[in-house]
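Below, each chain spelled out in residue letters.
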Amino acid sequence: MAASRISRLNSGNRSLYSEWSGFFWPGKILWGFLLGAAAVALLGFAIGSSQAVDITFHYQPVNAGADVFLAGTFNNWSPTANKMTDDNGDGVFEYTMDLAPGRYEYKFVVNGTWYEDLSAGEFVDDTHGGRNSILNVGEDGIIAPPQVSPAGTITTPAGADAGAGHPVTFTYTPMVPTDNIFLAGTFNNWSPTAMRMTDADGNNVYEYTLNLEPGRYEYKFVVNGTWYEDQKAGEFADDGLGGKNSILNVGEGGVIPSAGGSMGGAMGEGSSAPAPEGVFQVAFSYTPDKTPQKVFIAGSFNDWSATSNPMADPEGDGTYSINLVLPGGTHKYKFVVDGVWLHDPKAVEQVDDGFGGRNSVIHIDESFKKIDLKKGDGKIFTDGITHSFSLSERNMISNQEVLFRARAYTGDVESVSLAWRADGEWTRVPMERLSGDTAFDYYETMLSSDQDLKPFHYAFVYVDGKTELWLGPDGFAKNGSSMAGFAFDPATVERLRIPLWVRDGVFYQIFPERFYNGDKSNDPDFKEWYYEGKTSLPRVGLFDGEYYHLVKDWYDVGGLKKSPYRSDGNPDWYSFYGGDIAGVMEKIPYLQDLGITIIYFNPVFQARSSHKYDTIDYMTVDPHFADEALFKKFVQKAHAAGIRIIIDVVFNHTGDAHWAFQDIVKNGPESKYWNWYEWKKWPLPDPRPADFRAENYYACWWNYGSLPDLNFDLSLPNPDENSVVDIEKATPNWPMINYLLESTRYWFSTLDIDGVRLDVPNEAPLWFWKLFAAEVRKAKPDSYIIAELWGDASGWISPDMVDATMNYRFFKDPVMKWIGKGEGSAAAFDRELAPGRSVYAPQSQQIMMNLIDSHDTVRFLTDAGKDIRRLMLAAVFQMTYVGTPHIYYGDEVAMEGNKDPDCRRPFYWKYAEEGRRVILRDHYQKLIKIRRNLPVLRRGSFSTILAEGQTLAYLRSDPDALILVVLNNADKMIEVSIPLGGIDRIKTGATFENLMGGGTLKMDGSILKVKVDPISGTIFKLMP
């Protein structure tokens, strides 16, 4: 939005306003004329009855070259009668007119779009979802409106000008994309338009930097005319209008952190401090308003698990508490009380949780009790150290091998051993430190035999100095002489089986509507009933509602950034391009040439939207993608080409156009499908009012009324049903569940797909996924089930549930941080990856979907500042790390894109015309070939050799081969000495083949000296 003002209004007045978001519909001029006439009559204007006053209106549009007009009751709302001009070329358009005393309504018309005057102090409903600005003119000129400022006082501290003081950068991340964000505060007389914040790098974080002298400042962000506090500020003050102003304190050295605050939105020189090393004891407590059944704490420290950390009320006084051991730094959290997520009212700092609520924030620093961890001091800290029977802690690899893992606090013990016995004395087996992070060191060992293993008992022995502690079923003990140990029976222990075709594969994710249009005869024509009334625009002006349409130019992606049909600045969520299954089938040779072996499709079920997560029928391929016969033909061709198919399964919710939901809309509680959804209120209003809130009537996904939640458990409300593991403790909604299972059989048996990706599986009951997995594996024993879980998914991976997860937590996030954005160090990157190699079983690690972006994220290249070198480096790491590489369609040809829907652009099939795109695709092709030719990169062990500065070197090895990978994340060439001495297979003077650039390198003694170009990686193979 742009700056606007009327020259004779009191500029000190500030208002709580919002941008007019209506649209210029057919007959708008007539409506304006009628409204204007009515306003003259009703408001008693005395045009011409008194001495007129010269009034100058000002408007500063965002873009140059705009046509700006003034419209209002003074010109019968004509959008073209009074053209504003910029005579002096300063970007500010003006119009002066004589107005008699009276009350006037007005707007600015910019390139056909109507805007209110944000500097007006008074507004009135325009009867079409927006507001008209009000101007009151008296005998002596403009009458200032009532004060409606967001703060009680206006002060201008000394030194607030841009040329003095300490540089302070304010940041704001809007929930909905918009460029209409301003910074207002005591440093600029609370002007709502003086300081426009900008997003220069396109990462949706808006910034404004100004210099501030030492002092105390109050401020807010003005987003589309609405005033918001900075929720990341550590201190607040009453704004005098029922809200809060954020506080910023600037000292002689820069920004002063507030007590418990992170300064979040305002950062200056010296304002941030590194997280303290080590772990600390932290106590949390919460007192609910009424006696609850269960209270948990969930946060960034436990991957937001709603069930991992129960709180207790040992004193019976109504206060629930828990003590946790956490690494230093900043953590976000909430309390989960009987399934309801609540922030901590005692927390000094709260931040936006992205869903209309707040997360509480705690900064763990030296003020907390630090746990003294030191090797050799004879002290072993055991709080929170336990042993479960998960696949990550004891894993039957084969009939003769079982892998054991344990953990200790970082730097706390000298050794950890596995002790085992079948009969008689304990036998100890040393455990090797596998990896470590800021909190824990992880250890593992393989217990193997020449014959099939028999039942035995085991324990873990921790040694530090002269202290020895044994971990068994009853916790820690000083010796194991009387300890029975944990029981292990190979005949009953769960076994994790994995589909080998995934381990040896390469994923390629396709958003079907945007990959290739192979059959124009099935292009969306929007003749289905659910598009009725949503396929046309008003004759004149812009429209902010649902407008479904086909974009005829495949390469016209402008609307995915900012819709040309909307006045609110949002992108076009309702456009289609015509991509289909015929198009994918036609491009199978392209995928074969690239080296792809697995296609992961976003949903292909019939649905209204382009994304297809709003299912209409689970047993119908969307007719604008294919029919059943064509889809079967496609799968057959893909299989013949060595390509497997997995599809997105969306079982948490359907679309509101689903036939079962529509039957309820028609028949209400009399519908036999009534219980398929969770209803709160009936009937639905008809017609639905403008302020209709679907979540008040039925449970729906994140309150999107178009996505009603399915009702799995008739005895529990959503979301309480989701954490139930045992089906015996549930009341399954069998008709609905059997329908979902029937559709599952259809896709695997009739259409012959090979696997599924589960959309938001944590929002459906665990017992259901066990039923689902059994059905899938019955239909196709070597099928693949992967879950969309953005955190630690170790609790989900098991023989009776899922095989793996989309590896956001332990791959995508660290890769984007270090390689994509160049933040942190190689050592920090390695530490952030390490838990993923510890919390998951080795078999599951090999089939993790290692993605760097997806349909739910900003494209990697965009997030990496369009630096193609960073994408190439990420690809090197993807193809050489543990897990299965994932390519989001078009990444290999340098496709860009911001948040949804911009990240879902049509594939750029003109890539061959641009050299850099061809080079990138060739790079991907080469890396995929290297990976597919070397089983060691798909199945071998992983070990870090060097992590210094911006250099990371690691080994992949198996009995047949050894691979060395060196990554240089610095913007300069490096020559690094890789220490390889002590590795059994590497002899002094060994030679390595450079798989990326050809040629060989010979070791100098135990050192291999490697030169690596800026922001790039090399791959070496040990030669025989």
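The model shown is predicted, which means the values in this text are computed figures rather than measured ones. (Residues numbered from 1 in each chain as written. Predicted model: local features only at pLDDT ≥ 70, side-chain atom pairs only at ≥ 80, totals over all residues. Heavy atoms only, no water.)

K.L.:
Quick rundown of the overall build of the chain? Include the residues and the values.
P.N.:
Helix and strand content of the chain: 16 helices and 58 strands. Looking at the 1024 residues of the chain, the share that counts as buried comes to 56%. If you take every contact in the chain between residues at least 6 apart in sequence, the share linking residues at least 24 apart comes to 72%. With the model as given, the accessible surface of the chain reaches about 42,700 Å², and the carbon-plus-sulfur share is 50%. (Helix = DSSP H or I, 4+ residues; strand = E, 2+ residues; numbered from the N terminus. Buried < 20%, exposed > 50% of the residue type's maximum accessible area, 1.4 Å probe, protein only. Contact = heavy atoms within 4.5 Å. Areas by Shrake-Rupley, 256 points an atom, 1.4 Å probe, with all protein chains shown as cover.)

K.L.:
Describe the side chain of lysine 220, naming the residues involved and giving the relevant values.
P.N.:
For lysine 220, the location among the structural elements is in strand β15 (residues 215-223). When its relative accessible area of 4% is taken as the criterion, lysine 220 is described as buried.

K.L.:
Tell me about the environment of arginine 932, and name the residues and values.
P.N.:
Structurally, arginine 932 is set in helix α15 (residues 915-933). In this structure, the C-alpha to C-alpha distance between arginine 932 and methionine 879, residues 53 residues apart in sequence, is 9.3 Å.

K.L.:
Explain the packing of helix α10 (residues 808-820) against helix α14 (residues 868-880) to me, using residue names and the numbers behind them.
P.N.:
Viewed as axis vectors pointing N to C, α10 and α14 meet at an angle of 140°, and their least axial separation amounts to 10 Å. Put simply, α10 runs oblique to α14. Where α10 crosses over α14, the two elements pack in a sense that is right-handed. Here Phe811, Val815, Trp818, Ile819 and Gly820 of α10 come into contact with α14, specifically with Arg870, Leu873, Ala874, Phe877 and Gln878. By residue class, the composition of the contact of α10 with α14 is 7 nonpolar, 2 polar and 1 charged. (Axes fitted to C-alpha atoms, helices over the stretch in contact; angles between N-to-C directions. Parallel < 35°, antiparallel > 145°, perpendicular 65-115°, else oblique. Left-handed = near helix turned anticlockwise from the far one by under 90°. Nonpolar A, V, L, I, M, F, W, Y, C, P; charged D, E, K, R; others polar.)

K.L.:
Please set out the packing of aromatic side chains residue by residue, giving values where relevant.
P.N.:
For the structure on display, the rule yields 89 aromatic pairs. Judged by centre distance (5.7 Å) and plane angle (55°), the ring pair of phenylalanine 170 and phenylalanine 187 falls under tilted. Of this pair, phenylalanine 170 sits in strand β11 (residues 166-172) while phenylalanine 187 sits in the loop between β12 (181-185) and β13 (195-196), and the two are 17 residues apart along the sequence. Accessibility expressed as a relative area gives 5% for phenylalanine 187, which makes it buried. Centre to centre, the rings of tyrosine 333 and phenylalanine 335 are 5.8 Å apart; their planes meet at 70°, and the pair counts as edge-to-face. (Phe/Tyr/Trp six-rings, centres within 6.5 Å; stacked < 30°, edge-to-face > 60°.)

K.L.:
Give a detailed account of the sheet that holds strand β33 (residues 432-436), specifying residues and quantitative values.
P.N.:
A sheet is described by the order of its strands in space; here 4 strands give the open sequence β29-β30-β34-β33, paired in antiparallel fashion. Across the chains shown, the open sheet's two edge strands, defined by having one partner strand only, are β29 (394-398) and β33. Here the strands of the sheet are splayed against their neighbours by 30° on average, with no regard to which way each runs. Here β33 runs beside strand β34 (residues 440-448); their pairing, made up of 4 bridges, is antiparallel. Following the sheet pairing, glycine 436 is matched in β34 by aspartate 441. (Pairing = 2+ DSSP bridges.)

K.L.:
Quick one: what's the story with helix α7 (residues 659-667), residue by residue and with numbers?
P.N.:
Those residues of α7 that sit buried are Ala660, Phe661 and Ile664. For α7, the angular spread of buried residues about the axis comes to 100°, placing them on one side. Directly after α7, the chain includes glycine 668, whose backbone phi takes a positive value near 60°. (Arc of directions from axis to C-beta.)

K.L.:
Residues and numbers for the pattern of salt bridges, please.
P.N.:
Throughout the structure, instances matching the rule amount to 41 salt bridges. With its nearest N and O atoms 3.1 Å apart, the salt bridge here joins glutamate 775 to arginine 745. Of this pair, glutamate 775 sits in helix α9 (residues 766-779) while arginine 745 sits in helix α8 (residues 734-750); the two residues are 30 residues apart in sequence, bridging distant segments of the chain. On the basis of relative accessibility, which here comes to 15%, the residue glutamate 775 falls in the buried class. Two residues, glutamate 788 and arginine 757, come together in a salt bridge whose shortest N-O distance is 3.5 Å. Of this pair, glutamate 788 sits in the loop between β47 (784-787) and β48 (804-805) while arginine 757 is found in strand β46 (residues 755-758), placing the two residues 31 residues apart along the sequence. In this structure, a network of salt bridges that share partners links the residues Asp648, Arg757, Asp759, Glu788, Asp856, Asp900 and Arg904. (Salt bridge = Lys/Arg side-chain N within 4 Å of Asp/Glu carboxyl O.)

K.L.:
Describe in detail empty space enclosed by the protein, supporting the description with residues and values.
P.N.:
A full pass over the atoms with the stated rule returns 7 cavities of 30 Å³ or more. Roughly 70 Å³ of internal volume is contained in the largest cavity. Lining the largest cavity, in full, are Asn807, Phe810, Gly836, Arg837, Tyr840, Gln845, Met848, Asn850, Tyr881 and Val882. Of the residues that constitute the lining of the largest cavity, the class distribution is 5 nonpolar, 4 polar and 1 charged. (1 Å grid on protein atoms, 1.4 Å probe; cavity = no way out; pocket = protein on both sides within 12 Å on 5 of 7 lines; lining within 4 Å. Points joined across faces, edges and corners; volume = space filled by probe spheres on them.)

K.L.:
How would you explain α15 if you had to name every residue and give the values?
P.N.:
Look at α15: 27 Å from first C-alpha to last across 19 residues, which is about the 27 Å you get at 1.5 Å a residue. Turning to α15, its buried residues are Arg917, Leu920, Arg921, His923, Tyr924, Leu927, Ile928, Ile930 and Arg931. Packed against the buried residues of α15 are α2 (500-503), α5 (588-594), α14, β50 (884-888), α16 (936-939) and β58 (1016-1022). (Expected span 1.5 Å × (residues − 1).)

K.L.:
Explain the sheet that holds strand β49 (residues 849-850) to me, and be specific about the residues and the numbers.
P.N.:
To summarise the sheet geometry, strands pair through backbone hydrogen bonds and adopt either a parallel or an antiparallel arrangement. The parallel open sheet is built from 8 strands, whose spatial order is β48-β47-β46-β45-β42-β39-β50-β49. On the outer flanks of this sheet lie β48 and β49, each paired with one strand and no other. Pairing between strand β39 (residues 507-510) and strand β42 (residues 598-601): 4 bridges, direction parallel. Counterpart to isoleucine 510 in the pairing with β42 is phenylalanine 601.

K.L.:
Before we move on, can you summarise the pairing of strand β36 (residues 467-472) with the specific residues and values?
P.N.:
As judged from the 5 bridges shared by strand β35 (residues 456-464) and β36, these two strands associate in the antiparallel manner. Bridge pairing links valine 461 to tryptophan 470 in β36. Counting the residues in the hairpin turn of β35 and β36 gives 2 residues, including glycine 465, whose phi is positive at 60°. Summarising the sheet, β36 and strand β37 (residues 475-477) pair through 3 bridges and their orientation is antiparallel. Its bridge partner lying in β37, tryptophan 470 is registered against alanine 477.

K.L.:
Please provide a residue-by-residue account of the packing of α14 against α15, values included.
P.N.:
How two helices pack is summed up by the angle between their axes together with the distance between the axes. Following both chains from N to C, one finds α14 and α15 inclined at 10°, their axes separated by 9 Å at the closest point. Looking at the two axes, α14 sits roughly parallel to α15. Contact residues: α14 offers Ile868, Leu871, Met872, Ala875, Val876, Gln878, Met879 and Thr880, while α15 offers Arg916, Ile919, Leu920, His923, Tyr924, Leu927, Ile928 and Arg931. Considering only residue class, the contact of α14 with α15 consists of 11 nonpolar, 3 polar and 2 charged.

K.L.:
Could you give me a rundown of unusual backbone geometry, with the residues and numbers involved?
P.N.:
Omega for the bond connecting aspartate 686 with proline 687 falls within 30 degrees of zero, at 0°, which places this linkage in the cis form. Mapping proline 687 onto the fold places it in the loop between α7 and α8. Residue proline 901 follows aspartate 900 across a cis peptide bond; omega there is 10°. Positive phi, close to 60°, is recorded for phenylalanine 526, a residue that is not glycine. Judged by its relative accessible area of 10%, phenylalanine 526 falls in the buried class.

K.L.:
Can you explain the side chain of threonine 597? Please cite residues and give values.
P.N.:
Its location among the elements puts threonine 597 in the loop between α5 and β42. Within the local environment of threonine 597, its side chain forms a polar contact with the backbone nitrogen of valine 506, the two atoms lying 2.8 Å apart. With residues up to four places along the chain from it excluded, the contact list for threonine 597 reads Gly505, Val506, Gly642, Ile643, Arg644 and Arg932. (Polar contact = N/O pair within 3.5 Å; in protein donor to acceptor, adjacent residues only side chain to side chain.)

K.L.:
Quick one: what's the story with the confidence of the model for the chain, residue by residue and with numbers?
P.N.:
Scored by pLDDT, the chain has a mean of 86; 89% of the residues are at 70 or more. Low pLDDT, under 50, characterises residues 146-163; the predicted model gives this stretch 52 contacts beyond four residues in sequence or across chains. Under a pLDDT of 50 for its full length, residues 259-272 has, in the predicted model, 48 contacts with residues more than four places off or in other chains. (pLDDT = per-residue confidence, 0-100.)

K.L.:
Provide a residue-level description of the environment of glycine 668, including the pertinent values.
P.N.:
Following the sequence through the fold, glycine 668 ends up in the loop between α7 and α8. Here the alpha-carbon distance between glycine 668 and proline 683, two residues 15 residues apart in the chain, equals 7.2 Å. In contact with glycine 668, not counting residues within four places along its chain, are Asp663, Trp674 and Trp682.

K.L.:
Go over the nonpolar core with me, naming the residues and quoting the values.
P.N.:
Grouped together as the largest cluster of nonpolar side chains are 156 residues, with contacts concentrated most on Tyr508 and Phe634. One finds Leu418, Leu447, Tyr458 and Val493 within the second-largest nonpolar core, a separate group that totals 31 residues. (Core = buried A, V, L, I, M, F, W, Y, C linked by side-chain atoms within 4.5 Å.)

K.L.:
I'd like a rundown of the environment of alanine 773, residues and numbers included.
P.N.:
Residue position: alanine 773 is located in helix α9. Excluding residues within four positions of it along the chain, alanine 773 makes contact with Ile785, Asp800 and Met801.

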